[in-house]
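Below, each chain spelled out in residue letters.
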Amino acid sequence: MDIEILVLRILHILFGVFWVGAAVYLALVLEPKLRGLPNEIEREVLQAISKLNSLWITLSAIITIGAGFALISRTPGREMSQLFDTGWGWAIGIGLIASLLAFFLSGWVGSSTAKLRRALQAEQMSDDDALLPLRTRIAIGSRANAVLVIVAVGAMASARVA
Ligand code: HEM
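Read on for a plain summary of the structure.

The rules behind each value
- Residues numbered from 1 in each chain as written.
- Predicted model: local features only at pLDDT ≥ 70, side-chain atom pairs only at ≥ 80, totals over all residues.
- Helix = DSSP H or I, 4+ residues; strand = E, 2+ residues; numbered from the N terminus.
- Buried ≥ 20, exposed ≤ 12 C-beta atoms within 10 Å, placed from the backbone.
- Contact = placed C-beta atoms within 7 Å.
- Near = placed C-beta within 6 Å.
- Nonpolar A, V, L, I, M, F, W, Y, C, P; charged D, E, K, R; others polar.
- Axes fitted to C-alpha atoms, helices over the stretch in contact; angles between N-to-C directions.
- Parallel < 35°, antiparallel > 145°, perpendicular 65-115°, else oblique.
- Left-handed = near helix turned anticlockwise from the far one by under 90°.
- Core = buried A, V, L, I, M, F, W, Y, C linked by C-beta atoms within 7 Å.

1. Some details on the overall build of the chain
Link 1 in the chain: Regarding its fold elements, the chain presents four helices and zero strands.
Link 2 in the chain: Going residue by residue from the N terminus, the α and β elements of the chain occur as α-α-α-α.
Link 3 in the chain: Its C-alpha atoms put the chain at 60 × 25 × 20 Å along the principal axes.
Link 4 in the chain: Counting only residues that meet the buried cut, the chain has 28% of its 162 residues in that class.
Link 5 in the chain: Relative to all contacts within the chain whose residues are 6 or more apart in sequence, the contacts with residues 24 or more apart total 80%.

Structure below.
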């Protein structure tokens, strides 16, 4: 058994699962529920979790993507030149593009959430209309992000049989 490949696969899948799970949970459960809460409670919750969320999601994404590239170069019979060439390469290539888009999109959603948190802290809380564009951006961005990571995991899971 190749221990290096085994470790890379475990790191890749473990952090990938965490990334996808967190993105889907944020988009489908946390974000809609937070939006429905009174502003003071939303502010408290955002203050407690938003930096941690960004940290863990960014870390998971970096480890997943890094281990993914390492898997391409270290797995016997696989190499970068196969991307968008063989069936395997198309599946991994689509997963790679979806992952990179998700990575940048989640950074954008994270910075929009930070803006919302600061606006709520700065007592602009009563002006819900002013916060609406920011909330809409976060809602759409987090859903699009969840779709992208689901596409990524689907593509990865189908690579061996593609
Ligand atoms: C949301 C991001 C990602 C998730 C959730 C994810 C998940 C997975 C999973 C579950 C597998 C195991 C598939 C299997 O053994 O059948 C896998 C394999 C793999 N992934 Fe990813 N992945 C992600 C992103 C990436 C990225 C960005 C790359 C490349 C840079 C990559 C490269 C690979 C490679 C090379 C394999 C091995 C495929 C094989 O066994 O032939 N993955 N991934």
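2. A closer look at the site of the ligand
Link 1 in the chain: In the region of the ligand, 23 residues are neighbours, and Gly-16, Gly-68, Ser-99, Ala-152 and Met-156 sit closest.
Link 2 in the chain: Listed by contribution, the elements that provide at least two residues to the shell around the ligand are α1 (3-35), α2 (39-74), α3 (87-121) and α4 (128-158).
Link 3 in the chain: Counting residues per element, the shell around the ligand draws most heavily on α2, which supplies six residues.
Link 4 in the chain: Grouping the constituent residues of the shell around the ligand by class yields 16 nonpolar, six polar and one charged.

3. Notes on the packing of α1 against α2
Link 1 in the chain: Where α1 contacts α2, the two axes come as close as 8 Å, and the packing angle between them is 150°. Classified by the angle between their axes, α1 and α2 sit roughly antiparallel to one another. As α1 packs across α2, the resulting crossing turns out to be left-handed.

4. Regarding unusual backbone geometry
Link 1 in the chain: Of note, Phe-84 is a non-glycine position whose phi angle comes to about 60°, a positive value.
Link 2 in the chain: Counting through the fold element by element, Phe-84 comes out in the loop between α2 and α3.

5. Things to note about the environment of Gly-95
Link 1 in the chain: In this structure, Gly-95 sits in helix α3.
Link 2 in the chain: Between the C-alpha atom of Gly-95 and that of Ala-23, which follows or precedes it by 72 residues, the distance is 16 Å.

6. Focus: the nonpolar core
Link 1 in the chain: In terms of nonpolar packing, the biggest core is built from 23 residues, with Trp-19, Ala-23, Ala-98, Ala-102, Val-149, Ala-152 and Ala-155 touching the most fellow members.
Link 2 in the chain: Going through the elements one at a time, α1, α2, α3 and α4 are the ones with two or more residues in this core.
Link 3 in the chain: In this structure, Val-149 is in contact with Trp-19, Val-20, Ala-23 and Ala-102, ignoring residues within four places of it in sequence.

7. Regarding the environment of Ala-155
Link 1 in the chain: Relative to the assigned elements, Ala-155 resides in helix α4.
Link 2 in the chain: Once the C-alpha coordinates of Ala-155 and Gly-107 are considered, the two residues, 48 residues apart in sequence, prove to be 22 Å apart.
Link 3 in the chain: Beyond its immediate sequence surroundings of up to four residues, Ala-155 is in contact with Ala-91, Ile-94, Gly-95 and Ala-98.

8. Focus: the packing of α2 against α3
Link 1 in the chain: Where α2 contacts α3, the axes come no closer than 9 Å and their chain directions differ by 160°. With respect to their mutual orientation, α2 and α3 come out roughly antiparallel. In the crossing of α2 with α3, the sense of the turn from one axis to the other is left-handed. Of the residues in α3, those touching α2 at Asn-39, Glu-42, Arg-43, Leu-46, Gln-47, Ser-50, Ser-54, Ile-57, Ala-61, Ile-65, Gly-68 and Ile-72 are Ile-92, Leu-96, Ser-99, Phe-103, Ser-106, Gly-110, Thr-113, Ala-114, Leu-116, Arg-117, Leu-120 and Gln-121.
Link 2 in the chain: For the contact of α2 with α3, the per-class residue count stands at eleven nonpolar, ten polar and three charged.

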